[in-house]
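Chains, contacts and geometry: an overview
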Amino acid sequence: MTSWTPQQAALQEILQTIHESTDTRNAAVQRTITHKLNNFTRAPDYVAYLAYILSSMPQEEDRIRTIAGYLLKNNARLILRASPEVLTFVKSAVLVAFNDPSIMIRNAAAQDIVAFLGILEPKNWPECLQQLVHLLDAPNADQQEAAFNVLEKACEDYPRKLDVEINGTWPLEYMIPKFIVLSEHPSSKMRAHAIACLSYFVPIGCQSLFVHIDTFIACLFKRASDEDSAVRRHVCQALVLLLASRPEKLMPEMANVAEYMLYSTKDKQENVALEACEFWLTFAEDPDLAPYLHPLLGKVAPVLLDCMVYSEDDLLWLQGDEEDAAVPDKETDIKPRHYGGKSHGFEREVNGDDGGPKRVGAYGEELDEGEDDDDYDLDDDEEFAEEMSTEWNLRKCAAAALDVLAVRFGADLLNVLLEPLKTKLWSDDWLQRESGILALGAMAEGCIDAIEPHLPTLVPYLINTLNDPKPLVRSITCWTLGRYASWCTQPISDDHKNTFFVPILEGLLRMVLDNNKRVQEAGCSAFATLEEDAGPELAPYLEPVLKNLVFAFDKYQHKNMLILYDAVGTLADAVGTALQNPTYVEILMPPLLKRWSKLKDDDDDLIPLLECLASVTIAIGPAFLPYAGPIFDRCHTIVHTSLLQYQAYQQNPEMDEPDRSFLVVALDLLSGLTQGLGMALEPHIARSQPSLLQLLTVCLKHPHAAVRQSGYALVGDTAMNCFPLLRPHVSAIMQELISQLDPEPKVEFISACNNAAWAVGEIALRYGRDDAEFQQWVHPLVSRLIPILLHPKAPRSLHENAAVSIGRIGLMHPGLVAPLLPEFAQAWCQALYEIRDNEEKDSAFRGLCTLVQTNPAGITKSLLWFCNAIVRWNQPSAELNSMFQTLLNGFKQHDAVGWAAQVATFPPVIQERLATRYGV
């Protein structure tokens, strides 16, 4: 074959380890095996040994050779650092194995080919691509099918890598017409592969496909009524992809396409119906296509409504009728969580997910966006059952499509669905009722104005439905009530409160303590939504709410406990200082501390509990002091240990990287303690060894943005609440802080940069006016903050935080900042005029006014923006309002004629407010 040959001793060692790996009963053995397999990857020719076992050892059991094939796929990237001899051998060996008599070996080799072709890229392995295409004409049907299977996976995984010129020709110029011809093959498997391969080139705008686009669409119509469901599914998938990227090609035929898709959405085969249903979701999501979709609403919406009924398969997987509250969860029920860290200042959702626990959704559940399941696992079949209950299916797709249609068409959608919805909601069949309640929740966001007149009837109906004997009905009702919580919590009148708010509060609290785990989960999630919407309105009901939530601590299994922590933390955020009542503290703290004492420092469940406690400490404030000691000490230990672990990992990168979530969440709880207790924390901080504030300075150098983000939040909170303790460390902190201020941070660094920008302003305020120590940092800081403010691509939240900190530094050091005013005045006013009134904005504007007083000429070119920012205030503080009045009077008195002429050019609304409020 080639010049590479295996060393017998090494071959036997790898073979022996693979044999031992088949003993899955012994966890200790498995750990040792995993360690050995990981060590093998350091050998430069490990992949060649695996390829040799797969292709050249027929004396071994097929199972052993197949495991070698799977290991080869999982370690395929090692080929990039292999020698030319190893590379040549591996490429040749997997093609040999692809023709093995055993189906198991052929399948393993097929996966290896897909992996290597993607990593090496077809242009560096053209003979493989050539062989696969050649096999499509093989006399043996199995060979044809196997080759097409590999090609389909390659087209799906990396279509762009196939759309390239190789040795002067474009393979797709031959392959695409070939696929179109094969879409008429007598074998349904070959037809399905052909349509699938073609469809994957649609989203990438492949020219080789688009020159044949009309032929391709004609071939889709020809296959639309294929007797094979896999072919029909791929036809639907191709039409969805065409609608998303080349809708103009479908519009002339839209009447026929729509009829076909409606027909297919009702297909008996759910996988066909699901692909067809995706068509309506894609159609609804594109606002430019709304005029084409609107006339179809009357037909589409009722079909989607019917798709939302649980299928028999769903019900088999869900096993939803049991009272299972006392049944422990399996570990596979609990998805891994990534905690994102605390945001401060004007933080918009720039990083999307904050990593908090996912409140349950009735559709579109959090699908794991992880990599392909590359880990070779003999227990995959058992896990499949676990995934089935949350996977994307027809019901969820239809509900998601209805949600988007509601946002797009509002009342028009409700008009179409009013009668069918009534029929479902008042049906004797619980499955019909359940799907109607799901639809009502799905439409909540988009149709709220149209549904509102019906809510006085619907909300009592939903509250009553919480008594339904079927747990699946109770759980979906919780979700839908959560979708209407904002309407129920409006402080319209006592009558509204007693008729809607109190009953929904009582009803959801009952569901929190239901005897079915799915209902508990939905009830607790919906209750957390109600807490957010109700805010301080919940304060009068705190005692019964807390008693119910605390009771759940003893009732819940592992998975729902994580949602319960979220509900308690959200409650603390919602009611704030109302939680300081000693009665409430006595109800809440003992069970939290009981949970706290049970968990070890490296238990993943500690993360959501610390997160919950951070909210609780801020709300309870000084009343938390009796509990602070052990909590502070443990957070300090976690921070110290995490930093030591990370240091060890940096010195030895072959170790597993430590989980940063513990460090992030411990910093956030320390922030909560600082906000809640202020200087009362001094004895704890003073006796911490090593000093907490020294550890904090190390956190600001951490390579992970989430750690720096929480670190800067703690810097700012410490500055605000116990500045005397922070002051000796500011010099070291400032070096890191200044370097963190970046006008165009990577997306994952935005929140850390935001927190740093916010913390700067807090520190500046605490030093006070013209402080000599702080003066050394004014220019380095302002020279980083002004470019952020002026940068067109910087996120809006960063503009706002930079502007606030410039204002605050200006308030304290006007003499140093005022000369720079002309550079940033307009951008400063544009960044802050829209944000809500609060103390941060107030101090920033007092800073700007001080700068204008110091350098009046600096505002001349930005006067319109300055006046606009002034009149946009709703309730400025007395001090700030007086500063506005003084400045405006000064402008007018300095040059009355010039002032009048300039104001005359302002928009009428600004002129009117200046005259009414300030008499200028």
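See the structure printed just above.
Since the structure is predicted, the reported quantities are computational estimates derived from the model, not experimental observations.

Applying the stated criterion to the full structure yields 24 aromatic pairs. Look at F774 and W777: their rings are 5.8 Å apart centre to centre, the planes differ by 85°, and that puts the pair in the edge-to-face class. Residue F774 and its partner W777 are located together in helix α42 (residues 772-790), separated by 3 residues, close to a single helical turn. Of the two residues, F774 and W777, both sit in the buried class. Relative to Y918, the ring of F884 has its centre 6.4 Å away and its plane inclined at 90°; by these criteria the two rings are edge-to-face. Highlighted residues: F884 in helix α48 (residues 878-894) and Y918 in helix α50 (residues 908-918), separated in sequence by 34 residues. Put simply, the rings of W828, F845, W873, F884 and Y918 pair up and form one aromatic cluster. Over the ring of Y310 we find R395, and its NZ or CZ is 3.7 Å from the ring centre. The cationic tip of R634 hangs over the ring face of W596; the distance from NZ or CZ to the ring centre is 4.7 Å.

Counted at 1.5 Å a residue, the expected span for helix α34 (residues 606-620) with its 15 residues is 21 Å, and the 20 Å between its end C-alpha atoms agrees. Most of α34 sits inside the fold, with 13 of its 15 residues counted as buried. At the C-terminal side of α34, G621 shows a positive phi close to 60°.

Where helix α33 (residues 582-598) meets helix α35 (residues 625-651), the closest approach of the two axes is 12 Å, and the angle between their N-to-C directions is 30°. The handedness of the crossing between α33 and α35 is left-handed. Across from V585, E586, M589, L593 and W596 in α33, the residues of α35 making contact are Y627, P630, I631 and R634. Partitioned by chemical class, the residues of the contact of α33 with α35 number 7 nonpolar, no polar and 2 charged.

Turning our eyes to something else, we now look at the nonpolar core. In this structure, W280, F624, I763, W828 and F866 are the most contacted members of the largest nonpolar core, which totals 338 residues. In this structure I763 touches V715, A719, F723, L726, V730, M734, L737 and F774, once residues within four positions along its chain are discounted.

Looking now at the pattern of salt bridges. If you walk through the whole model with that rule in mind, you get 37 salt bridges. Residue R65 pairs with D100 through a salt bridge whose shortest N-O separation is 2.8 Å. You can see R65 sitting in helix α4 (residues 62-74) and its partner D100 sitting in the loop between α5 (84-97) and α6 (103-120), a full 35 residues away along the chain. Pair check on accessibility: R65 and D100 agree, each one buried. For R727, the salt bridge is made with D771, and the minimal N-O distance between the two is 3.2 Å. Of this pair, R727 sits in the loop between α39 (705-726) and α40 (730-740) while D771 sits in the loop between α41 (750-767) and α42; the two residues are 44 residues apart in sequence, bridging distant segments of the chain. Overall, the relative accessible area of 14% leaves D771 in the buried class. A cluster of three or more residues bridged by salt bridges with shared partners is formed by E762, R766, R808, E839, D842 and R846.

Calculation notes
Residues numbered from 1 in each chain as written. Predicted model: local features only at pLDDT ≥ 70, side-chain atom pairs only at ≥ 80, totals over all residues. Heavy atoms only, no water. Phe/Tyr/Trp six-rings, centres within 6.5 Å; stacked < 30°, edge-to-face > 60°. Helix = DSSP H or I, 4+ residues; strand = E, 2+ residues; numbered from the N terminus. Buried < 20%, exposed > 50% of the residue type's maximum accessible area, 1.4 Å probe, protein only. Lys NZ or Arg CZ within 6 Å of the ring centre and 35° of its normal. Expected span 1.5 Å × (residues − 1). Axes fitted to C-alpha atoms, helices over the stretch in contact; angles between N-to-C directions. Left-handed = near helix turned anticlockwise from the far one by under 90°. Contact = heavy atoms within 4.5 Å. Nonpolar A, V, L, I, M, F, W, Y, C, P; charged D, E, K, R; others polar. Core = buried A, V, L, I, M, F, W, Y, C linked by side-chain atoms within 4.5 Å. Salt bridge = Lys/Arg side-chain N within 4 Å of Asp/Glu carboxyl O.

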